[in-house]
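Architecture at a glance
Take a look at the letters that make up each chain.
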Amino acid sequence: MPISFEFLQLHVLKHDKNTQRTLLALMLLAVMAGCSTVPEANTPPAELAIEQSWSGDYPVAELKLLPPEQQQLASGYLGSAAAFAPVWAAFKPGETVPAVDFGKQAVVFHRNVTYYNRTRIFKVTLKNGVAEVLATATMSAIPITDKVAMSMAVIPRAGVKAIQVGPVRIPVHTQ
């Protein structure tokens, strides 16, 4: 609420000088306090810990093992052992499925969608419950044929409500 001149005349100027100074100082402090807060939109995202990570080739023929709404996206997540185990078997055939506590953790992935380029997840950020997977990749013009490069990482699940992939927001379901 803006302070009008009438307000000042009625409530501040009718008091003695010490009271006027005190009231004006309090109003100034109130205005400064209101201006000193940093809007949430300007706060930087938090960086989530990457607890385990893997990179390698993934067969194009097995992209159907990814969750249906994520099969065409560059990034996504696997939120249960039932979703992770078959993807792992295609990703690292013959290797034991790593232990992941899906009650407390989730597996995020990043993969090629246009050209075959080695990729690695180097950071996962979280802001307002929305995680974003940041990955680096080599640069080539080798078309995708029978395999894509994929990287997976285990992150803490706490506070993650969605994964942002470009304009698409994937809801993260609770266990």
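Below: a short report on this structure. For clarity, every value in this text was computed on a predicted model and none was experimentally measured. (Residues numbered from 1 in each chain as written. Predicted model: local features only at pLDDT ≥ 70, side-chain atom pairs only at ≥ 80, totals over all residues. Heavy atoms only, no water.)

Some remarks on the packing of aromatic side chains
Evaluated as defined, the whole model comprises five aromatic pairs. Judged by centre distance (5.1 Å) and plane angle (70 degrees), the ring pair of W54 and W88 falls under edge-to-face. You can see W54 sitting in strand β2 (residues 52–59) and its partner W88 sitting in helix α3 (residues 81–91), a full 34 residues away along the chain. Accessibility classification places W54 together with W88 in one group, the buried group. Look at W88 and F91: their rings are 5.8 Å apart centre to centre, the planes differ by 70 degrees, and that puts the pair in the edge-to-face class. With W88 and F91 both in helix α3 and three residues apart, the pair spans about one turn of that helix. Given the relative accessible area of 3%, F91 is considered buried. Through a chain of ring-to-ring contacts, the aromatic side chains of W54, F84, W88, F91 and F102 assemble into a single cluster. (Phe/Tyr/Trp six-rings, centres within 6.5 Å; stacked < 30°, edge-to-face > 60°. Helix = DSSP H or I, 4+ residues; strand = E, 2+ residues; numbered from the N terminus. Buried < 20%, exposed > 50% of the residue type's maximum accessible area, 1.4 Å probe, protein only.)

Comments concerning the sheet that holds strand β1 (residues 46–48)
To summarise the sheet geometry, strands pair through backbone hydrogen bonds and adopt either a parallel or an antiparallel arrangement. What the five strands build is an open sheet, ordered β1-β5-β6-β8-β9; its pairing is mixed. Because the sheet does not close on itself, it has two edges, and the strands there are β1 and β9 (168–171). Neighbour-to-neighbour, the strand axes of this sheet turn through a mean angle of 35 degrees, independent of strand direction. Pairing analysis gives three bridges linking β1 to strand β5 (residues 119–127), with the strands arranged antiparallel. In the sheet register, L48 faces β5, and the bridge partner there is V124. (Pairing = 2+ DSSP bridges. Axes fitted to C-alpha atoms, helices over the stretch in contact; angles between N-to-C directions.)

Overview of the sheet that holds β2
Spatially, the four strands line up as an open sheet ordered β2-β7-β4-β3, and their pairing is antiparallel. Strand pairing shows two members of the sheet lacking a second neighbour, β2 and β3 (75–78), which therefore form its edges. In this sheet, neighbouring strand axes are inclined to one another by 25 degrees on average, regardless of whether the strands run parallel or antiparallel. The strands touched by α3 are β2, β3, β4 (105–111) and β7 (147–156); relative to β2, the strand with the most contacts, the crossing angle is about 65 degrees. (Contact = heavy atoms within 4.5 Å.)

Comments concerning the nonpolar core
Core analysis: the biggest nonpolar cluster contains 18 residues, and Y58, F84, V107 and M152 have the highest contact counts within it. Of all the elements in the fold, those that place two or more residues in this core are β2, α3, β4 and β7. The leading source of residues in this core is α3, at five residues. Judged by nonpolar contacts, the second largest core, of 17 residues, contains I121, V124, I155 and V165. (Core = buried A, V, L, I, M, F, W, Y, C linked by side-chain atoms within 4.5 Å.)

Without other data, these values stay purely geometric and don't point to any function.
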